[in-house]
Amino acid sequence: MLIPYIRWIIVFLVFIATGLNFLDRQILSITIIKIQKEFNITDIQYGWVNTSFLVSYALMFTIGGRLIERFGGKIGLAVAVGIWSTASALHGFMTHISHLVASRFLLGFGEGACFPGAAKTVNELFNKKERALANGIAIGGSAIGAVLAPVLTIQLSNRYGWRWCFIFAGLVGLVWVAIWLFLRWPKQHKPKTSKEIYPSKPPLPFSQIFRNRSALLMLMIRFLLDPVFYFFMFWIPKYLNETKNVSFDDIGHFLWIPFLALGLSNIAGGYFSDTLIKKGYSVNKARKLVMGVAALLTLSAILIPQTSDLPSAITLMTILLFAHGFWITNYITAISDIFGDRATSTIVGLSGTAGAISGLVINPLIGWIIQQYSYTPLWLICGLMYPIAFLIIATGITIKPYPDKTR
C-alpha cells in the first residue's frame, strides 16, 4: 500500500539529498582555514584542490545525467549519494594534500549526478503546473545544506576536530541511501491532465541535442554563470575572514543568512512562476519574468567591495543568493519544460558539465587574482553575468512545453 502524498515525500527526500550535496562540499570551504595552517597549503594549491572536484563533477554531470535518463531517478540518486557520502568520509582520513585532492575528485564524481537525478525525479512525478514548485523544493535543500554547513562544521570541529565533520556527513548520507531504496514509488508517476496519451520514447540522441539551438544556449548560460556560484561556495568564508576580519568561530554566525535566502527563493521562485501559469500566463512568459527579476537583483553584487561594514556586505550577498534561487529553479524547470522525459536529465547534466568546466578553469585564476590584486574584480563579474545570461535566454530561447504523455 502506498503512503499518501508519496510524490511530495519523495521530493522531500530529494530536498535532503541536495542538502547533503551542498553540506558535504561546503565543509572544506570552512575547515580549509584550519587545514591550510596544518598542512601549509597555499591559496593556489587550494584552487587546484577545488579544480580536482570540478573535473570529476564536470564529467559525472553528463555521464550521470545520461545514465539517470536510462535507469531513472531512484537508482541514479541512490548510487550518487552513496559514492559522494563515502568520499566525504574519506576526507577525514587525509594526511597529505594528495589525499585531499583524491577525496575531492571522488566527491565530485558522486555529486555530479545529484541535480540531473533531482530533475529527472521531479519530471517523472509532476506535470507542468506543479513542476517548478517541486523543483524549487528539490533543489532548495542545497541552500539549507549550505546554511547548516557553517554551524555544524564549526561546532563539530571545535568539539571533535575538523576530521569528524567529514566523517559524520558521510555516515548521514549512507543512512539516506537506505531510506531512499526502501521507499516504494507510485507506479504511475505523474497525474494525467488530459485524455491524450503519448507513447514513451527513448532518450534524445546527443547528435540531436547538439544541433538544438535552445539546448546549446542553455549550456552557454550555465558556462557563464556557474563560476559565480562556485566563487561564492568556495571562497566566501576566506573573503569574510581576510577582508572583514571575521574569525573562524564567527563565520557560522553570518554565513547561513545568504544561504537561507537561497533556499527560500528556490521554493518561492518555483511557486511564483507556477502561479503565473495557473493565472493564464504562458510557460515562456512566466519562467522568463521570474528570471528577469532575478537578473536585476544580482546587480547588487557590484556594491559588495564598496561596503566597509559586515552587515552591509552580508545583506548584499543575501540579495545575490536570493536572486540566484529565483533564477536556478526556473532555469532547470525551463529545461524540463522544453525537453520533457526524453532529455531533461541529460541536458541538466550537460549544462552542469559546461558550468563545471568553466569553474575548474576559473578557480585557479580566482586564487591568482586574489593573491595578486583583490576580490573586487570578482564581485564586478558576479554582478554582470546574470543580466547577460538573461538577455541570451530572453532573445534566443522560447520555452515551449514538450508534448509528453501528461499533456
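Residues numbered from 1 in each chain as written. Predicted model: local features only at pLDDT ≥ 70, side-chain atom pairs only at ≥ 80, totals over all residues. Heavy atoms only, no water.

You'll find the chain entered in an unreviewed UniProt entry as MFS transporter, with Olivibacter jilunii given as the organism. Heading Subcellular location (unreviewed entry) of the UniProt record for the chain holds this comment: "Membrane". (UniProt positions renumbered as here; feature names shortened; annotations may be inferred.)

Chemist: Tell me about the nonpolar core, residues and numbers included.
Modeler: The biggest cluster of nonpolar side chains holds 131 residues, and the ones touching the most others in it are Trp327 and Trp379. Broken down by element, the residue count for this core peaks at 26 residues, all from helix α13 (residues 310-372). Ignoring sequence-local partners within four residues, the contact set of Trp379 consists of Phe231, Phe232, Ile236, Tyr239, Ala301, Ile302, Ile304, Pro305, Met317 and Leu320. (Core = buried A, V, L, I, M, F, W, Y, C linked by side-chain atoms within 4.5 Å. Buried < 20%, exposed > 50% of the residue type's maximum accessible area, 1.4 Å probe, protein only. Helix = DSSP H or I, 4+ residues; strand = E, 2+ residues; numbered from the N terminus. Contact = heavy atoms within 4.5 Å.)

Chemist: Hey, could you go over the pattern of salt bridges for me, with residue numbers and the actual values?
Modeler: In the structure shown here, the tally under the stated rule is five salt bridges. Between Arg287 and Asp337 there is a salt bridge; the shortest N-O distance is 2.8 Å. Here Arg287 is found in helix α12 (residues 283-297), whereas its partner Asp337 is found in helix α13, with 50 residues between them in sequence. Each of the two residues, Arg287 as well as Asp337, counts as buried. Ionic contacts of the salt-bridge type, sharing partners, join the residues Asp274, Arg287 and Asp337 into one network. (Salt bridge = Lys/Arg side-chain N within 4 Å of Asp/Glu carboxyl O.)

Chemist: Requested: an account of helix α9 (residues 213-243), with residues and values cited.
Modeler: When the terminal C-alpha atoms of α9 are compared, their 43 Å separation across 31 residues agrees well with the 45 Å that a helix rising 1.5 Å per residue should span. The sharpest bend along α9 reaches about 60° and sits at Trp235, with the proline Pro237 one to four residues further on. Extensive coverage of α9 is indicated by the burial of 23 of its 31 residues. Between a side-chain oxygen at the N-terminus of α9 and the backbone nitrogen of Ser214 the separation is 3.0 Å; the capping residue is Asn212. Looking at the residues trailing α9, positive phi occurs at Asn245, about 55°. (Expected span 1.5 Å × (residues − 1). Bend = angle between axes of the 7 residues up to and from the residue. Polar contact = N/O pair within 3.5 Å; in protein donor to acceptor, adjacent residues only side chain to side chain.)

Chemist: Quick rundown of the packing of aromatic side chains? Include the residues and the values.
Modeler: Scanning all chains against the criterion turns up 22 aromatic pairs. On the numbers, 5.8 Å between centres and 10° between planes, the contact of Phe12 with Phe15 is stacked. On the criterion of helical spacing, the pair formed by Phe12 and Phe15 is a turn pair, its members being three residues apart in helix α1 (residues 6-39). The class of Phe12 is partly exposed, set by a relative accessible area of 47%. Residue classification places Phe15 among the buried residues on the basis of a relative accessible area of 19%. An aromatic cluster of at least three residues, connected via ring pairs, comprises Phe231, Phe232, Tyr239, Phe259, Tyr375 and Trp379. For Arg104, the ring lying beneath its charged end belongs to Phe53, and the centroid distance is 5.4 Å. (Phe/Tyr/Trp six-rings, centres within 6.5 Å; stacked < 30°, edge-to-face > 60°. Lys NZ or Arg CZ within 6 Å of the ring centre and 35° of its normal.)

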